Each structure stands twice: as C-alpha cells, then as structure tokens.
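# Working through the structure, step by step
So you can see what is in the structure, the chains are spelled out below.
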Amino acid sequence: MLIRFGVANFKSFSSEQVLDLQADERFAEGLDANACLSAAPREPRILKAAALFGPNASGKTNLLKAMRILQRMVLREPMPDGREAMAALEPFAFVERPFEEPTSFELEVQTAGARYAYSLSVQNGLVSRESLRKKEPLGRWRQVFVRRSVKPLRTEDERKRFLDGTRDVLYEYRYGGQFPGPKKTWEALTPPDATFLGTASLFAARTLMPLFAWFKNHLVVLDDPASWQAFRAIERLASDPDLRTAAVDVLKSADPSVSDIEVEKLWVPGGGLPADPFSGRCVVRGEPHEGFQIRLLHQTSGGVRTLPFSEESAGTRRMLHLAVVLIENRKGDVTLFVDEPEASLHPVAVEQIVESFEDRTAAPGGSQLIMATHCESLLRTDERHRDSPL
C-alpha cells in the first residue's frame, strides 16, 4: 500500500507537494471502512481511498503524472513517444533555468510485510541521488543503499558534453549491513540514466525485489485512457473467461442491457496505431503482432444485439477500462490512481467505485484508490467520515 508520495520541481510543482495517506486517528469513526492496519504496531492506519479535489490547473493530474513517470523510470518503461522516461522529465517551467535544480521524488510504501522509503532525484535526464531504507514491523529504519553523483550535470551544456562523450558522471555508493549480492557488478550495470533499484532488481537483487514488484505488479496509474495499460486490460479479457464474466457485472452499472463481452483476436501488420481500446480496435506500434476487437452483447426485447464498440456510450467504454482493475482489486493488493473517473460516468457509478474500495470484503489485500476528481457528490460531509475519500 502507498503511505506517502512527494514530488518537487515537476511540471506545475515548484516546491514539494505531498500526498499523505496515513489516517488521522483522532477521528476514529468510519476508519474501519476506509483504512487498513499498518504492518508496524502503533503506526497510523492507511487509507484505502482518497480524492484530490480542486479547480482546473491546480495540479491534480500532475500528481498522477509524477507517480506514473516514477514508475516508468524504475521499470525502464519508455514513454508513449519512445523516449526514455528520465529524459522526458519536465521540471517546473516558470523559472529562468529549470534544469539547474533536480526533480525529486519521495515514496513510502508497505509491501511484503515491511515498509520501504525510496527517494530519487533526477537532473538533466540523469540520476543525481537515489536511496532506499527499509523498516521491519518490529524494527527500526535501516539504510539499504545510497547512490550519489560525485559530478552531477548542473547545466544543459554539461549534459550535451556528457552525451558526446567529453564529460563523465561518477557515482559513490553506500550500503547497509543486510544487502547481500554482487553489488559492484550491479553498480557497473547501472547507467547514469537508470535507477539502481530497477537495474539491480532485474539482475536478481533479492533485497530490492519487494519494492520493484510493487511498482511492477501492484501500482496502476490510469492517467491516459489510450494507454498501454488499457491495452493490457483488454488483453487479459481476451484470455480469461471468468474475468469477462465479472467485467459484465461491472459494466451493468453503466449499461444494464449488457449481457456479454466478445473479444476477437486480430493479426495486425507492423506500424499499427497506438493502443486504444476505446475505438473498438486495440493495437500497438511496431512489428506484426496480435491485436483485439471488442464487441458488447446487449439483451433487448428483440433478442441479443451487438454494436461496434466505438458506438457504445462513452460511459460504457470508460467503465470497461476500469472494470479489469476494479475486479483485480478484489483479488489482492493494488494501488490504483485514476484521473477524473467521473468523465462520462454517472456520479452514482463513481460512488460505487469508491465503495468497492471501502468495503473490506472487496479489498482484503489492502487495495487503494486515489483519484483526481471534480465529483462533488463525494463531498457529502454529512454522510462521510473525515478520512473518507473526501
């Protein structure tokens, strides 16, 4: 579960902005529904659902984008346009020399029975500092590693010199006492534009694997409906009949006439379109590969009818995107970030999504929902606890 996330010098954020999901125990009423116990005794409970509510251009979406790009950097996942995520970082724009200060991320999560505190600072597309601490339930915080640039790139000119080979970047590493493995080899395999956490985990650094696995398997950021994650959701629907059946039940909240989902595999030649299941055809760029075409079956007075998926209502298409993640939420520990779930959805459907995370029977593994929203129906303070979503 996510406990705390902070970011500084990123897009519209100049100073550090922090999302803290630790419950305020002074207001205990209602926390049984919207909080999970911490793995550490005497630590505050952790919220299951939270909402970022504010006017346009207040930075809600940028907080989601910050989490998504941190995930990309750890997993070495490229941006949709093919650039490396670290090179695509956008520091706070409204200063004369934005690249002279690092963009910094701070993250604390609870996973695999322990707490991890990870920090990453990036300047001019390269790591300037990276560190990880770990805390066992009955123990104290212990340093796992610290990576620091001895000669950071502080200007755009220095970055150009690095890229043309006339300027080097050196790092020093420090380790805690419980970090076995070939650390010098992992250091040598980690380039300046990659995280040590991600690189060493790919080479079987067992101490780092729980946090790496959280980024890979337990964090989902839906900041763009036409995303690779949307493609993967449709791919799972194609291979799992039980998942399709469960997705139909979720879709009925948006369209009660939906009776089934058909997902047809297609062979797509190279050079396809970006992944976009909402157009009804889900393909990706690159070499020839499999794609998918989606159809929903509707039970009508005249029998079962189908429509091209592109002609389904925007709310139905949006709900299908969310359905797979909502269903998997019920199976395990997932932290889900969603940008404006109310887009094309009725407010009642949005409230049902929130309630699925609050219900302890629907989220036994400690799943979380964090959403950027304008949905005012979630602000009913007469019915919701202070640490309910909002």
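Conventions adopted
Residues numbered from 1 in each chain as written. Predicted model: local features only at pLDDT ≥ 70, side-chain atom pairs only at ≥ 80, totals over all residues. Heavy atoms only, no water. Salt bridge = Lys/Arg side-chain N within 4 Å of Asp/Glu carboxyl O. Buried < 20%, exposed > 50% of the residue type's maximum accessible area, 1.4 Å probe, protein only. Pairing = 2+ DSSP bridges. Helix = DSSP H or I, 4+ residues; strand = E, 2+ residues; numbered from the N terminus. Axes fitted to C-alpha atoms, helices over the stretch in contact; angles between N-to-C directions. Contact = heavy atoms within 4.5 Å. Phe/Tyr/Trp six-rings, centres within 6.5 Å; stacked < 30°, edge-to-face > 60°.

## Remarks on the pattern of salt bridges
Evaluated as defined, the whole model comprises 13 salt bridges. The shortest N-O distance in the salt bridge between R76 and E84 comes to 3.7 Å. Assessed through its relative accessible area of 33%, R76 is described here as partly exposed. Each of R68, R72 and E77 takes part in one network of salt bridges that share partners.

## Overview of the sheet that holds strand 2 (residues 17–20)
Across the sheet, which stays open at both edges, the seven strands sit in the order 2-1-6-7-8-9-10 with antiparallel pairing between neighbours. Here the strands that pair on one side only, and so sit at the sheet edges, are strand 2 and strand 10 (171–175). Neighbouring strand axes in the sheet, compared pairwise and without regard to direction, differ in orientation by 10° on average. As defined by bridge partners, strand 9 (residues 141–149) adjoins strand 10 across five bridges and the pair is classed as antiparallel.

## Notes on the sheet that holds strand 5 (residues 49–53)
Spatial ordering of the open sheet is given by 5-17-16-11, a layout of four strands whose pairing is parallel. Among the strands making up the open sheet, the edge pair consists of strand 5 and strand 11 (219–222). If you compare each strand with its neighbour and ignore which way they point, the axes differ by 10° on average. Packing of helix 2 (residues 60–75) onto the sheet brings it into contact with strand 5, strand 11, strand 16 (335–339) and strand 17 (368–373), and relative to strand 11 it is tilted by some 135°.

## Let's talk about unusual backbone geometry
Here A112, not a glycine, exhibits a phi torsion of approximately 55°, which is positive. Among the secondary structure elements, A112 is positioned in the loop between strand 6 (103–111) and strand 7 (114–123). Located in the positive-phi region is N124, a residue other than glycine, with phi close to 55°. Summarising the element assignment, N124 is placed in the loop between strand 7 and strand 8 (126–135).

## Considerations on the packing of aromatic side chains
One pass over the structure, following the stated rule, counts nine aromatic pairs. Taken together, a centroid distance of 6.1 Å and an interplanar angle of 10° make the contact between Y173 and Y175 stacked. Classification of Y173 by relative accessible area gives buried; the value is 16%. Residue classification places Y175 among the partly exposed positions, given a relative accessible area of 25%. Measuring from ring centre to ring centre gives 5.8 Å for F179 and W186, while their planes differ by 25°; the resulting arrangement is stacked.

## Considering the environment of F196
Note that F196 resides in helix 5 (residues 196–202). Not counting the four nearest positions on each side in its chain, F196 is found in contact with E130, F145, R147, Y173, Y175, F179, W186, E187, T190, S201 and L208.

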